[in-house]
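# Results of the structural survey
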Amino acid sequence: MILQNDLFLRAARGENVERVPIWLMRQAGRILPEYRAVREKAGSFIKLATTPELAAEVTIQPVDILGVDAAIIFSDILVVPEAMGLPYEMAEQRGPVFPQTVRNRQELDRIKVANAESDLAYVLDAIKIVKKELNGRVPLIGFAGAPFTIFCYMTEGKGSKTFSVAKKLLYTDPAFSHALLQKITDSTIDYLKAQIRAGADLVQIFDSWAGILSPDQYRTFSLPYIKQICDALAETTGVPVTVFAKGAFFARQEIGQLSCSVVGLDWNMDAAESRQLIPDKTLQGNLDPCVLYADYGQIKAEVTKMLQTFGTQRYIANLGHGVYPDTDPQKVKFFIETVKEFTA
């Protein structure tokens, strides 16, 4: 299918673009009243994420309402551990909770390497519906959590500021930790390949908890597994890959050497320094989501400064993390329009 708007993909591949493309992490979500209406109809977050027609509907909403240059499939990184045999619940005000955890070899033996086609068919079906309904308007992004980030939830059982249970296992039982990380990696490779077969035009790997590791630990327990995923996709799919490792400012150069096309940056990662460390990749990011609480004049000034620093080529505009749920949708739309109107 020929894309009517391929700016995002061309920028990802390092090709020249007429203007900077933009999309937002968590663009399909609580900032939009239209999303909240569908969420209410679904009855729960998990029901929404596992019903292909509804997931497709909220995936497309930001394209129609906000005018972003790419859609991202509405799902959750925690569908992978569930497909491996570790179901989760989404508790109001608390976030994801795993009734069972994996903390030793015996528990590890009870979980499997997921088969995406059978265990995650609802995500693949949603991708197929979105591709059909978008009809080539914009590309579709697929995604998965990085193995270490998934490891955190599977061992901790819930969100945490420190993930001390997960980190404790890295020190006290590294053999178990590597074995679990490998199972997650194998599941993730199969899942992302299946997303690409279903129609994803680019896939992003979210290492949301990268920043809790020391540089040495990151090189031991995260980077090698992300490398496996990038290498496997590069060898077999040819589809661009984005790696977004929040908080891993110390690993930017090494991430830039992976078989990926795009490196996502959070707002603590300086644009000019990142360009120097990662000269041969497209960069993505990295506006502080809190900028969108400011008045329109300040938003325009901050966005313009960001664009002037990154430049218009080999760059995809985005936030440095997901848009916050209490952000005014009109401010989000203004951010997008400011990027679209920018000329160097």
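Placed above this text is the structure.
This write-up is about the structure you can find in this document. Throughout this description, residue numbers start from 1 for each chain and increase along the sequence as written. pLDDT decides what is reported in this predicted model: residues at 70 or higher carry local features, side-chain atom pairs at 80 or more are listed and counted, and totals for whole chains, interfaces and linings draw on all residues regardless. Remark: hydrogens and water are excluded; side-chain values derive from all non-hydrogen atoms of the structure.

## Digging into the overall build of the protein
Starting at the N terminus, helices and strands are each numbered in turn, a helix being any DSSP run of H or I of at least four residues and a strand any DSSP run of E of at least two. In terms of regular secondary structure, the protein is built from 17 helices and nine strands. In this description the radius of gyration comes from C-alpha coordinates, and the expected globular size is given by 2.2 Å times residues to the power 0.38. Here the C-alpha atoms of the protein give a radius of gyration of 19 Å, agreeing with the 20 Å that 2.2 N^0.38 yields for 344 residues. If you line up the protein on its principal axes, its C-alpha atoms span 60 × 45 × 40 Å. The cut-offs for exposure are 20% and 50% of the maximum accessible area for each residue type, with area from a 1.4 Å probe on protein chains only; residues under the lower value are buried, those over the upper are exposed, and the others partly exposed. For the protein, with 344 residues in total, the buried portion stands at 58%. Long-range contacts, defined here as pairs at least 24 residues apart, represent 74% of the contacts in the protein between residues at least 6 apart. The accessible surface values rely on the Shrake-Rupley method and a 1.4 Å probe; as for residues, cover is taken only from the protein chains in view. A total of about 13,900 Å² of accessible surface is found on the protein, and carbon and sulfur atoms cover 49% of it. Residues counted as positive are Lys and Arg, residues counted as negative are Asp and Glu, and His and the chain ends are not counted. A charged residue contributes its charge at one atom only: NZ of Lys, CZ of Arg, CG of Asp or CD of Glu. Taking the average location of the 37 positive side-chain charges in the protein and that of its 40 negative ones, the two points are 1 Å from each other. By the convention used here, residues are in contact when the closest approach between their heavy atoms is within 4.5 Å.

## Digging into the nonpolar core
Note on terminology: a nonpolar core comprises buried Ala, Val, Leu, Ile, Met, Phe, Trp, Tyr and Cys residues joined through side-chain atoms within 4.5 Å. By size, the foremost hydrophobic cluster in this structure holds 135 residues, and its most contacted members are Phe151, Tyr218 and Phe335. Apart from the residues lying within four places of it in its own chain, the contact partners of Phe335 are Ile22, Leu24, Leu287, Leu292, Val303, Met306, Asn318 and Leu319.

## Some words on the pattern of salt bridges
Whenever Lys or Arg places a side-chain nitrogen within 4 Å of a carboxyl oxygen from Asp or Glu, that contact is recorded as a salt bridge. Following the criterion strictly, the structure yields 13 salt bridges and no others. The partner of Arg197 in a salt bridge is Glu117, and the shortest N-O contact between them spans 2.8 Å. With Arg197 in helix 11 (residues 174-198) and Glu117 in helix 7 (residues 116-119), this pair connects stretches of sequence that are 80 residues apart. We classify Glu117 as partly exposed; its relative accessible area is 43%. Lys227 is the salt-bridge partner of Asp231, the closest N and O atoms lying 2.7 Å from each other. On the criterion of helical spacing, the pair formed by Asp231 and Lys227 is a turn pair, its members being four residues apart in helix 13 (residues 223-236). Accessibility expressed as a relative area gives 19% for Asp231, which makes it buried. Taken together, the salt bridges that share partners define one network made up of Asp6, Arg10 and Glu18.

## Description of the pairing of strand 5 (residues 202-207)
Burial analysis of strand 5 places six of its six residues in the buried class, the great majority of the element. In strand 5, alternate side chains face the same way, and those of Leu202, Gln204 and Phe206 on one face and Val203, Ile205 and Asp207 on the other are all buried. Bridge analysis of strand 4 (residues 140-145) against strand 5 gives five bridges, and the strand direction is parallel. Of the residues in strand 5, the one forming a bridge with Ile141 is Leu202. Two strands pair if DSSP finds at least two bridges between them.

## What about the packing of helix 9 (residues 147-156) against helix 11?
Only the stretch in contact is used when a helix axis is fitted, and all axes are lines through C-alpha atoms; the angle between N-to-C directions ranges over 0 to 180 degrees. At their nearest, the axes of helix 9 and helix 11 sit 9 Å apart, and the two run at 115 degrees to each other. By the angle between their directions, the pair helix 9 and helix 11 is classed as roughly perpendicular. At the point where helix 9 passes helix 11, the crossing takes the right-handed sense. Contacts between helix 9 and helix 11 pair Pro147, Phe148, Ile150, Phe151, Met154 and Thr155 from the former with Phe176, Ser177, Leu180, Leu181, Ile184 and Thr185 from the latter. Three classes are used, and their members are as follows: Ala, Val, Leu, Ile, Met, Phe, Trp, Tyr, Cys and Pro are nonpolar, Asp, Glu, Lys and Arg are charged, and the others, Gly among them, are polar. Across the contact of helix 9 with helix 11, the residue classes tally to nine nonpolar, three polar and no charged. In what follows, roughly perpendicular refers to angles from 65 to 115 degrees, roughly parallel to angles under 35, roughly antiparallel to angles over 145, and oblique to any angle outside these ranges. Note: crossing handedness is left-handed where the near helix turns anticlockwise from the far helix by less than a right angle, and right-handed where it turns clockwise.

## A few points about unusual backbone geometry
Residue Asn286 is reached from Gly285 by a cis peptide bond, and omega for that bond is -15 degrees. Unusually for a residue other than glycine, Asn135 sits at a positive phi of about 55 degrees. Its location among the elements puts Asn135 in the loop between helix 8 (121-134) and strand 4. Here Asn135 falls in the partly exposed class, since its relative accessible area comes to 49%.

## Things to note about helix 17 (residues 329-341)
An ideal rise of 1.5 Å per residue puts 18 Å on 13 residues; helix 17 measures up with 18 Å between its terminal C-alpha atoms. All buried positions along helix 17 are accounted for by Lys331, Val332, Phe335, Ile336, Thr338 and Val339. In a view along the axis of helix 17, the buried residues occupy a sector of 160 degrees, so they form one face of it. N or O atoms within 3.5 Å of each other form a polar contact, as long as, within protein, one can give a hydrogen and the other can take it, and as long as residues adjacent in sequence are counted only when both atoms are side-chain atoms. By the N-cap criterion, in which a side-chain oxygen at the helix start approaches the backbone nitrogen of a residue two or three places on, helix 17 is capped by Asp328, the distance to Gln330 being 2.8 Å. Take the number of residues in a helix, subtract one, and multiply by 1.5 Å to get its expected span. Think of it as the arc spanned by the lines of direction from the helix axis to the C-beta atoms.

## Structural notes on the side chain of Thr155
Relative to the assigned elements, Thr155 resides in helix 9. When its relative accessible area of 0% is taken as the criterion, Thr155 is described as buried. Residue contacts for Thr155: discarding those within four places in its chain leaves Thr101, Val102, Arg103, Val165, Ala166, Leu169 and Leu180.

## Concerning the pairing of strand 6 (residues 241-245)
Counting buried positions along strand 6 yields five of five residues, so the element is predominantly enclosed. Of the two faces of strand 6, the one holding Val241, Val243 and Ala245 and the one holding Thr242 and Phe244 are both buried throughout. Of the strand pairs in this sheet, strand 5 and strand 6 are connected by five bridges, and their pairing is parallel. Bridging across to strand 6, Asp207 finds its partner in Ala245. Summarising the sheet, strand 6 and strand 7 (residues 262-264) pair through three bridges and their orientation is parallel. The partner of Thr242 across the bridge, within strand 7, is Val262.

## Re the state of the cysteines
The term disulfide is used for any two cysteine sulfur atoms that are within 2.5 Å. A full pass over the atoms with the stated rule returns zero disulfides. We note that Cys260 lacks a disulfide partner, and the nearest cysteine sulfur, in Cys230, lies 5.2 Å from it. With relative accessibility at 5%, the residue Cys260 sits in the buried group.

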